[in-house]
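Close look at the chain arrangement
As a plain string of letters, each chain reads:
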Amino acid sequence: MEWDKRKRIPENEIREKITRASVEFAEEFGEYLATGDKQTSEALTASQLRKFFGEVKRQQMNGYEHSKFIMLKPKLAYAVGRARSKSKVKNKIEDFYDVMADAIDKVVKSPAPDKAFRNFIDIFEAIVAYHKAAENKKP
């Protein structure tokens, strides 16, 4: 299964408030990231996800800081490069990068970045939760 590149976290969900649409997006995306096969695409590993999640949570403890938050994009790009060098098939970390980089941009461009940052974290936590739930369903 391929991820529809047009699917992103809706901008109003990051800027304004989280609704059922974000929860449904998180569920679909988290489950997608957790599944894969060795022939066409490799799943996003819990380790890859936790590494990025840990950095986001560290930033949350200190509050939104524009320069540190925007640096999440190159950190993710590095992880994509590492995954590409290790595998001959597509790694779902590339799709994760596309969605999260877009969300990071939406937070940065928001007129209220502190609020957008909190919403970003909440949606990201939901993605992590659904990823974990989908991993536990694997045979």
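Structure: see above.
Quick caveat, the model's predicted, so the values are computed rather than measured.

Some thoughts on the side chain of Lys 92
- Inspection of the secondary structure assignment puts Lys 92 in the loop between strand 2 (90-91) and helix 6 (93-109).
- Here Lys 92 is buried and forms no salt bridge, its nearest opposite-charge partner Asp 95 lying at an N-O distance of 6.5 Å.

Things to note about the pattern of salt bridges
- Within this structure, the stated rule accounts for 13 salt bridges.
- A salt bridge links Lys 7 to Glu 28; the shortest N-O distance between them is 2.4 Å. With Lys 7 in the segment before helix 1 (11-15) and Glu 28 in helix 2 (residues 20-34), this residue pair connects regions lying 21 residues apart in the sequence.
- Look at Glu 28 and you get partly exposed, because its relative accessible area is 36%.
- Counted as one network, the salt bridges with shared partners bring together Lys 5, Asp 95 and Asp 98.

A closer look at helix 2
- For helix 2, which comprises 15 residues, the first-to-last C-alpha distance of 21 Å matches the rise-based estimate of 21 Å (1.5 Å per residue) to within 8%.
- Buried residues of helix 2: Ser 22, Phe 25, Ala 26, Phe 29, Gly 30, Tyr 32, Leu 33 and Ala 34, and no others.
- For helix 2, the elements touching its buried residues are helix 1, strand 2, helix 6 and helix 7 (113-137).

A few points about the packing of aromatic side chains
- Taken as a whole, this structure holds 14 aromatic pairs when the rule is applied.
- Ring geometry for Trp 3 versus Tyr 32: centroids 5.2 Å apart, planes at 35°, classification tilted. Taken together, the positions of Trp 3 in the segment before helix 1 and Tyr 32 in helix 2 put the pair 29 residues apart, joining distant regions of the chain.
- Overall, the relative accessible area of 6% leaves Trp 3 in the buried class.
- Both rings, one in Phe 120 and one in Phe 124, keep their centres 6.2 Å apart while their planes meet at 35°; by these two values the pair is tilted. Of this pair, Phe 120 and Phe 124 both sit in helix 7, separated by four residues, roughly a single helical turn. The two residues Phe 120 and Phe 124 agree in class, both being buried.
- The positively charged end of Lys 7 is found above the aromatic ring belonging to Trp 3, 5.3 Å away from the centroid.
- Its end group placed over the ring of Tyr 32, Lys 92 keeps NZ or CZ at 3.9 Å from the ring centre.

Conventions adopted
- Numbering of residues starts from 1 in each chain and follows the order in which that chain's sequence is written.
- Restriction of local features to residues with pLDDT of at least 70 applies here, the model being predicted, together with a cutoff of 80 or more for giving and counting side-chain atom pairs; totals for whole chains, interfaces and linings are based on all residues.
- As a rule here, side-chain values cover all heavy atoms of the structure and leave hydrogens and water aside.
- Numbering goes from the N terminus for both helices and strands, where a helix is a DSSP run of H or I of at least four residues and a strand is a run of E of at least two.
- For every residue, the accessible area (1.4 Å probe, protein chains only) is compared with the maximum for its type, and the residue is labelled buried under 20%, exposed over 50%, or partly exposed between those bounds.
- Only four residue types enter the tally: Lys and Arg on the positive side, Asp and Glu on the negative side, with His and both chain ends excluded.
- Any carboxyl oxygen of Asp or Glu within 4 Å of a side-chain nitrogen of Lys or Arg constitutes a salt bridge here.
- To estimate how far a helix should extend, the number of its residues minus one is multiplied by 1.5 Å.
- The criterion used for residue contact is that any of the two residues' heavy atoms lie within 4.5 Å.
- Each Phe, Tyr or Trp ring (for Trp, its six-membered ring) is paired with any other whose centre lies within 6.5 Å, and the angle between the two planes then decides the class: stacked below 30 degrees, edge-to-face above 60, tilted in between.
- Whether a charge sits over a ring depends on NZ of Lys or CZ of Arg being within 6 Å of the ring centre and within 35 degrees of the ring normal.

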